[in-house]
Amino acid sequence: MKFTVFCVSGQLTRCIRCPVAYHANDYCTPAGSVTLTDSNIVCPNHFTPRKGCRNHEHVNVSWCFVCSEGGSLLCCESCPAAFHRECLNIDMPEGSWYCNDCRAGKKPHYKEVVWVKVGRYRWWPAEVSNPKDIPENILRMRHDVGEFPVLFFGSNDYLWTYQARVFPYMEGDANSKEKMGKGVDSTYKKALEEAAVRFKELQAEKELRQLQEDRRNHKKPPPYKHIKVNKPIGKVLIISADLSEIPRCNCKATDENPCGMDSECINRMLLYECHPQVCPAGERCQNQCFTKRQYCQVEIFRTLSRGWGLHCVHDIKKGGFVNEYVGEVIDEEECRARIKHAQENNIGNFYMLTLDKDRIIDAGPKGNEARFMNHSCQPNCETQKWTVNGDTRVGLFALTDIPAGTELTFNYNLECLGNGKTVCKCGASNCSGFLGVRPKNNPPSDDKSRKMKKKSQLKRKSQQEVIKEREDECFSCGDGGQVVSCKRPGCPKVYHADCLNLTKRPAGRWECPWHQCDLCGQEAASFCEMCPSSYCVEHRDGMLFISKLDGRLSCSEHDPCGPEPLEQRLFLARQFIKAQSILWFLRKGYMHTVHIT
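Residues numbered from 1 in each chain as written. Predicted model: local features only at pLDDT ≥ 70, side-chain atom pairs only at ≥ 80, totals over all residues. Heavy atoms only, no water.

The name given to the protein chain in an unreviewed UniProt entry is Nuclear receptor binding SET domain protein 1b, with Sinocyclocheilus rhinocerous as the source organism.

## Some remarks on the sheet that holds strand S22 (residues 381-388)
If you trace the 3 strands from one edge of the open sheet to the other, you get S17-S23-S22, paired in antiparallel fashion. Across the chains shown, the open sheet's two edge strands, defined by having one partner strand only, are strand S17 (321-324) and S22. Within the sheet, the average angular offset between the axes of one strand and its neighbour, ignoring direction, is 35°. Examined bridge by bridge, S22 and strand S23 (residues 391-398) share 8 bridges and lie antiparallel to one another. (Pairing = 2+ DSSP bridges. Helix = DSSP H or I, 4+ residues; strand = E, 2+ residues; numbered from the N terminus. Axes fitted to C-alpha atoms, helices over the stretch in contact; angles between N-to-C directions.)

## A word on the environment of Ser263
Within the secondary structure, Ser263 sits in the loop between strand S14 (231-232) and helix H6 (266-269). The spatial distance from the C-alpha of Ser263 to the C-alpha of Gln286 is 9.7 Å, given a sequence separation of 23 residues. If we ignore the near neighbours within four places in the chain, the residues touching Ser263 are Asn257 and Met269. Separated by 3.5 Å, the side chain of Ser263 and the backbone nitrogen of Cys265 make a polar contact. (Contact = heavy atoms within 4.5 Å. Polar contact = N/O pair within 3.5 Å; in protein donor to acceptor, adjacent residues only side chain to side chain.)

## So, a nonpolar patch on the surface
Together, Ile16, Val34 and Leu36 line one region of the surface with nonpolar side chains, adding up to about 240 Å² of accessible area. Relative to the helices and strands, Leu36 resides in the loop between strand S4 (34-35) and strand S5 (40-42). You can call Leu36 partly exposed: its relative accessible area is 44%. (Patch = residues over 30% accessible without salt bridge, like charges linked within 9 Å, V, L, I, M, F, W, Y side chains within 5 Å. Areas by Shrake-Rupley, 256 points an atom, 1.4 Å probe, with all protein chains shown as cover. Salt bridge = Lys/Arg side-chain N within 4 Å of Asp/Glu carboxyl O. Buried < 20%, exposed > 50% of the residue type's maximum accessible area, 1.4 Å probe, protein only.)

## A few points about the pairing of strand S11 (residues 158-161)
Alternating residues of S11 divide into Tyr158 and Trp160 and Leu159 and Thr161, and every residue in both groups is buried. Summarising the sheet, strand S10 (residues 148-152) and S11 pair through 4 bridges and their orientation is antiparallel. Within the sheet, the bridge partner assigned to Leu151 lies in S11 and is Tyr158. Hairpin remark: S10 followed by S11, antiparallel, with 5 residues in the connecting loop; positive phi at Gly154, about 90°.

## A look at the pattern of salt bridges
According to the stated counting rule, one finds 16 salt bridges in the structure shown. Linking Asp26 and Lys132 is a salt bridge whose minimum nitrogen-to-oxygen distance equals 3.6 Å. With Asp26 in the loop between strand S3 (20-23) and S4 and Lys132 in the loop between strand S9 (124-128) and helix H3 (136-139), this pair connects stretches of sequence that are 106 residues apart. Two residues, Asp391 and Arg359, come together in a salt bridge whose shortest N-O distance is 2.9 Å. Residue Asp391 is located in strand S23, and its partner Arg359 is located in strand S20 (residues 359-367); the two are separated by 32 residues in the primary sequence. Per residue, the accessibility class of Asp391 equals that of Arg359, and both read buried. Shared partners join several salt bridges into a network, and the residues in it are Glu328, Glu334, Arg338, Asp362 and Lys366.

## A short note on helix H8 (residues 332-344)
Between the first and last C-alpha of H8 there are 18 Å, a value that for 13 residues agrees with the 18 Å anticipated at 1.5 Å per step. Among the structural elements, strand S18 (327-330), strand S19 (352-356) and S20 are those in contact with the buried residues of H8. Looking one or two residues beyond H8, the residue adopting positive phi is Asn346, at roughly 55°. (Expected span 1.5 Å × (residues − 1).)

## What about the packing of aromatic side chains?
Using the criterion set out here, one finds 18 aromatic pairs in the structure. Ring geometry for Phe321 and Phe397: centres 5.2 Å apart, planes at 50°, overall tilted. Taken as a pair, Phe321 in strand S17 and Phe397 in strand S23 lie far apart in primary sequence, 76 residues in all. On the basis of relative accessible area, Phe321 is assigned to the buried category, the value being 7%. Given a relative accessible area of 5%, Phe397 falls into the buried group. Grouping aromatic residues by their ring pairs yields a cluster made of Trp63, Phe65, Phe83, Trp97, Trp123 and Phe167. Over the face of the ring belonging to Tyr188 we find Arg122, whose NZ or CZ atom lies 4.4 Å from the ring centre. The ring of Phe372 has Arg371 lying over it, and the distance from NZ or CZ to the ring centre is 5.0 Å. (Phe/Tyr/Trp six-rings, centres within 6.5 Å; stacked < 30°, edge-to-face > 60°. Lys NZ or Arg CZ within 6 Å of the ring centre and 35° of its normal.)

## A word on the sheet that holds S9
The strands making up a sheet associate through backbone hydrogen bonding, with each pair oriented either parallel or antiparallel. As summarised here, the arrangement of the 5 strands in space is S11-S10-S9-S8-S12, forming an open sheet in which the pairing is antiparallel. With partners counted over all chains shown, the strands left at the sheet margins are S11 and strand S12 (166-168), one partner each. On average, each strand axis in the sheet is tilted by 45° relative to the strand beside it, whichever way the strands run. Inspection of the sheet shows strand S8 (residues 113-116) paired to S12 by 3 bridges, in the antiparallel sense. Its bridge partner lying in S12, Trp115 is registered against Phe167.

## What about the nonpolar core?
Val113, Trp115, Val116, Trp123, Val128, Val150 and Phe152 are the most contacted members of the largest nonpolar core, which totals 39 residues. Of all the elements in the fold, those that place two or more residues in this core are S8, S9, S10, S12 and helix H5 (186-216). Among the elements that take part in this core, H5 stands out by supplying 6 residues, more than any other. Residues contacting Val116, with those up to four places away along its chain left out, are Arg122, Trp123, Trp124, Ala126, Val150, Phe152, Leu159, Thr161, Arg165 and Val166. In this structure, Leu310, Ala370, Phe372 and Leu408 belong to the second largest nonpolar core, which totals 25 residues. (Core = buried A, V, L, I, M, F, W, Y, C linked by side-chain atoms within 4.5 Å.)

Structure below.
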């Protein structure tokens with residue numbers, strides 16, 4: 001039997017039902033695997049959902065993973081991922097469709113922070129737990145191949161779930177609450193805070209483990225030839241100007257910082273580098289960084305998920321020259337030939353940067369340390385095209401003050417010439433999800449615009465602090481769209497007509513089902529806070545209880561660990577129902593003192 005190996009080296013454990021194999025450790029073996037022996041498992045691909053189990057239903061998110069907007073989405077058949085077809089730049093597929101991660105065999109792993117969907121709750125942050133580390137009563141709960149336990153942040157409750165109801169947590173998700181639903185209670189806020197802290201802890205552990213592994217294997221960056229200046233290839237020419245054509249600035253050798261960053265050097269302002277034989281400042285000229293190769297001291301290092309990167313050894317001031325982007329200078333025809341060769345040979349790394357309309361710098365085979373700088377949607381460096389001795393050169397400059405040891409990044413502004421988009425793993429709070437896609441919220445260009453924006457936001461916030469009369473999402477399914485609203489005074493609930501099995505929008509004074517008993521249709525006295533389920537005084541007993549996730553009154557469908565209510569919390573549930581009933585009697589104008597058994 002031929003096995004598909006998802007790891008590089010080390011002892012492997014193989015699935016006895018299909019040709020896949022993983023490293024025999026918690027970091028490689030996917031969550032939900034059933035261990036049979038030291039070298040044999042049953043992998044999560046053999047999960048079979050149980051009929052009638054709500055937590056075994058496949059669910060997809062209601063927003064695009066690329067742009068975070070709703071609409072008509074292309075949904076993965078294996079995980080909750082969803083995309084706009086336009087964001088992926090693909091034709092509408094026929095039949096079942098799977099996202100890139102699922103096609104590559106990516107699975108959740110133990111000690112990984114994920115978003116989990118439970119019943120009608122919003123997506124909730126949790127950590128994938130190893131079955132050998134969970135309490136005995138949780139381990140005894142019914143679970144099958146492919147299911148794994150997750151520990152919810154904010155409540156410390158457990159749930160057995162599987163791949164189709166979780167997706168990975170990313171850095172900055174705690175600040176993207178608009179994707180997870182509107183309105184944040186104290187329990188959910190606590191969960192977001194705990195998830196952000198735990199995510200950073202696990203990231204640090206992974207990075208340390210990766211560094212130790214690299215040192216153990218004496219791992220080095222892939223080979224390339226180091227060069228100091230651009231090398232033309234084929235018919236491409238490197239331009240060299242006559243001294244009479246090079247512009248002359250008005251700086252003087254007696255100036256405090258002639259041609260420096262704080263000077264009024266006209267050449268520097270126009271991104272022209274001074275020539276040593278032309279500049280009036282002579283040897284004191286501070287605008288010859290490219291010619292003198294006045295680079296910042298940098299080091300190549302191994303990143304956690306983005307291959308090799310570059311960080312600075314010392315502090316860099318805002319506007320400082322970091323390095324020149326150097327490589328082979330090729331034309332467009334050669335560029336496309338190299339991209340085609342890379343695709344045919346499964347080469348995924350590109351180091352090409354546009355110099356002008358006819359020339360491209362390719363730092364892949366030959367270049368300098370700048371080739372290791374990674375992309376970021378919120379970079380600390382930027383590329384600038386300078387004219388040096390009549391020719392165009394590309395330099396990397398600091399966008400802000402950069403402390404020593406910080407990774408150096410710039411925005412690739414990638415134009416995708418291949419088949420499909422490249423996933424962005426920069427981890428920035430405004431990450432667009434893919435290289436070449438505009439970041440979600442571009443930061444202001446200068447301090448003045450930043451202050452103006454902050455001021456306008458504060459003013460707008462003070463004007464809009466008004467209680468909303470209607471909710472935005474359907475109370476039944478939690479999604480937006482065309483909804484009908486309840487006309488009962490004080491009720492903000494809205495619903496999709498389909499969710500209520502209505503063939504047309506109700507007319508007149510329509511009241512939602514939250515106010516009628518599910519069993520007899522009389523006016524409800526107690527109700528579930530998660531869905532339209534509600535009951536009158538006679539039928540409420542045994543139908544509602546306190547949820548184990550956040551303590552709210554709910555029906556059995558919203559218990560994260562099964563339909564059975566917690567016996568020790570039944571008393572609290574009854575007390576809560578009594579309180580609701582008293583309020584109902586008072587609103588009806590009955591006696592002010594009511595005895596309820």
